[in-house]
Amino acid sequence: MNDVSRPSPRMTAGYLRSLAPSVDPAWTESFVVEQRLLGVSGPDIGDALATVESHVRDSGETAVAAFGDPVAYARDVAGTQARVPDLGLTPSFILAAVCGLVGISLCREPSPPGWRGPWLTSQSVTSGWRSSLPC
Amino acid sequence: MHNLDVSSEQPWPSDWLRGALGVCVMRVLLDGPTYGYAITGRLADAGLGQVKGGTLYPLLGRLEQAGWVDVEWRPGDGGPGRKFYVLTEAGREETHRQAVRWAEFTNITRSITDDALQAAPTRTNTDPGADR
């Protein structure tokens, strides 16, 4: 059973240390946060962090000595990394969504007596809608 | 002339390194797949100085993005492994092209600067304010 009161293990010092045990956790956290803010995908953040870990372990240098400021380095490598698609609400997206909702609500209303739409009769729409409701 | 200051760790001006590093890294990769720290070792042994990871990996990322380099993670001894870089066929052709261009460029710059190798300039003391 999940304990919802516990904080997510992500971004805790222990979790970050497990990703890059040879790297100063504060450097790692700053790097990851900046990459997240830049919209870099999770797999690419992990790949970049593993590259830092590998280099620091091989060279014996600190992350600061080898890569400098974590925020600046996060911005440098972000230029060649995949980004998470932007799901922001653009005006055209909102307009399309509103038109869709209006269309659905119109279909739910019974048509005026004698009106026969170009594609569907009022009966066929109503019966189709009602058939989807529980008895 | 501040940017011509050199240190024991970095013997060349950073402006010069910025121009030469790409073709030099690609030349190292021409010898076969290798990983970042090994590339820095090769460059240091050749006399180019200690190239930092913060400079090398963004460059390698750009080479990968250009389609000149492929990457592959290989398992290490008891560690998380190493990211190996290998030239693609297009990368090998580009390395040759850049090496040719770099040779032309350095020939030109040397044709300009080599005359200055003959002798250190003697200081002429014609400027009355020079010793102030």
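Whatever comes next refers back to the structure up there.
Residues numbered from 1 in each chain as written. Chains lettered and ligands numbered in written order. Predicted model: local features only at pLDDT ≥ 70, side-chain atom pairs only at ≥ 80, totals over all residues. Heavy atoms only, no water.

Caption draft 1: Local environment of the layout of surface pockets. All names here are of chain B. There is about 530 Å³ of room inside the largest pocket. Around the largest pocket, the lining is made up of 16 residues, and of these Trp16, Ala20, Cys24, Leu48 and Trp102 lie nearest the centre. Broken down by secondary-structure element, the contributors of at least two residues to the lining of the largest pocket are helix H1 (14-29), helix H2 (36-45) and helix H4 (89-113). It is H1 that contributes the most residues to the lining of the largest pocket, 7 residues altogether. (1 Å grid on protein atoms, 1.4 Å probe; cavity = no way out; pocket = protein on both sides within 12 Å on 5 of 7 lines; lining within 4 Å. Points joined across faces, edges and corners; volume = space filled by probe spheres on them. Helix = DSSP H or I, 4+ residues; strand = E, 2+ residues; numbered from the N terminus.)

Caption draft 2: Region of the structure containing the interface of chain A and chain B. Listed per partner, the contact involves 18 residues of chain A and 19 residues of chain B. Together, the buried faces of chain A and chain B total about 1400 Å²; carbon and sulfur atoms form 55% of this surface. For the pair chain A and chain B, the number of links is 3 salt bridges. The partner of Lys83 of chain B in a salt bridge is Asp47 of chain A, with the nearest N and O atoms 2.5 Å apart. On inspection of chain A and its partner chain B, the count reaches 9 residue pairs in polar contact (both at pLDDT 80 or more). Elements with a contribution of two residues or more to the side of chain A that touches chain B: helix H3 (42-59), helix H4 (63-67) and helix H5 (70-78) of chain A. In terms of residue count, H3 of chain A provides more of the side of chain A that touches chain B than any other element does, 9 residues in total. (Contact = heavy atoms within 4.5 Å. Buried area = accessible area lost by both parts, 1.4 Å probe. Salt bridge = Lys/Arg side-chain N within 4 Å of Asp/Glu carboxyl O. Polar contact = N/O pair within 3.5 Å; in protein donor to acceptor, adjacent residues only side chain to side chain.)

Caption draft 3: Quick peek at the nonpolar core. Counting residues in hydrophobic clusters, the biggest one holds 37 residues, and the most contacted among them are Phe31 of chain A together with Val25 and Leu60 of chain B. Counting only elements with at least two residues in this core, the list comes to helix H2 (25-37), H3, H4 and H5 of chain A together with H1, H2, helix H3 (53-65) and strand S3 (82-87) of chain B. Per-element accounting of this core gives the leading share, 6 residues, to H1 of chain B. For Phe31 of chain A, the residues in contact, after removing those within four places along its chain, are Ile45, Ala48, Leu49, Pro70, Tyr73, Ala74 and Val77 of chain A. (Core = buried A, V, L, I, M, F, W, Y, C linked by side-chain atoms within 4.5 Å. Buried < 20%, exposed > 50% of the residue type's maximum accessible area, 1.4 Å probe, protein only.)

Caption draft 4: Examining the packing of aromatic side chains more closely. Applying the stated criterion across every chain yields a total of 9 aromatic pairs over all chains. Taken together, the ring pairs in this structure connect Trp27, Phe31, Phe67 and Tyr73 of chain A together with Tyr57 of chain B into an aromatic cluster. We note Arg74 of chain B situated over the ring of Phe84 of chain B; from NZ or CZ to the ring centre the distance is 4.3 Å. The ring of Tyr35 of chain B carries the charged tip of Arg82 of chain B above its face, separated from the ring centre by 4.3 Å. (Phe/Tyr/Trp six-rings, centres within 6.5 Å; stacked < 30°, edge-to-face > 60°. Lys NZ or Arg CZ within 6 Å of the ring centre and 35° of its normal.)

Caption draft 5: Seen up close, the environment of Asp45 of chain B. All names here are of chain B. As for its position among the elements, Asp45 is in helix H2. Residue Asp45 is classed as exposed on the basis of its relative accessible area, which comes to 70%. As for Asp45 and Asp77, which are separated by 32 residues in sequence, their C-alpha atoms are 25 Å apart.

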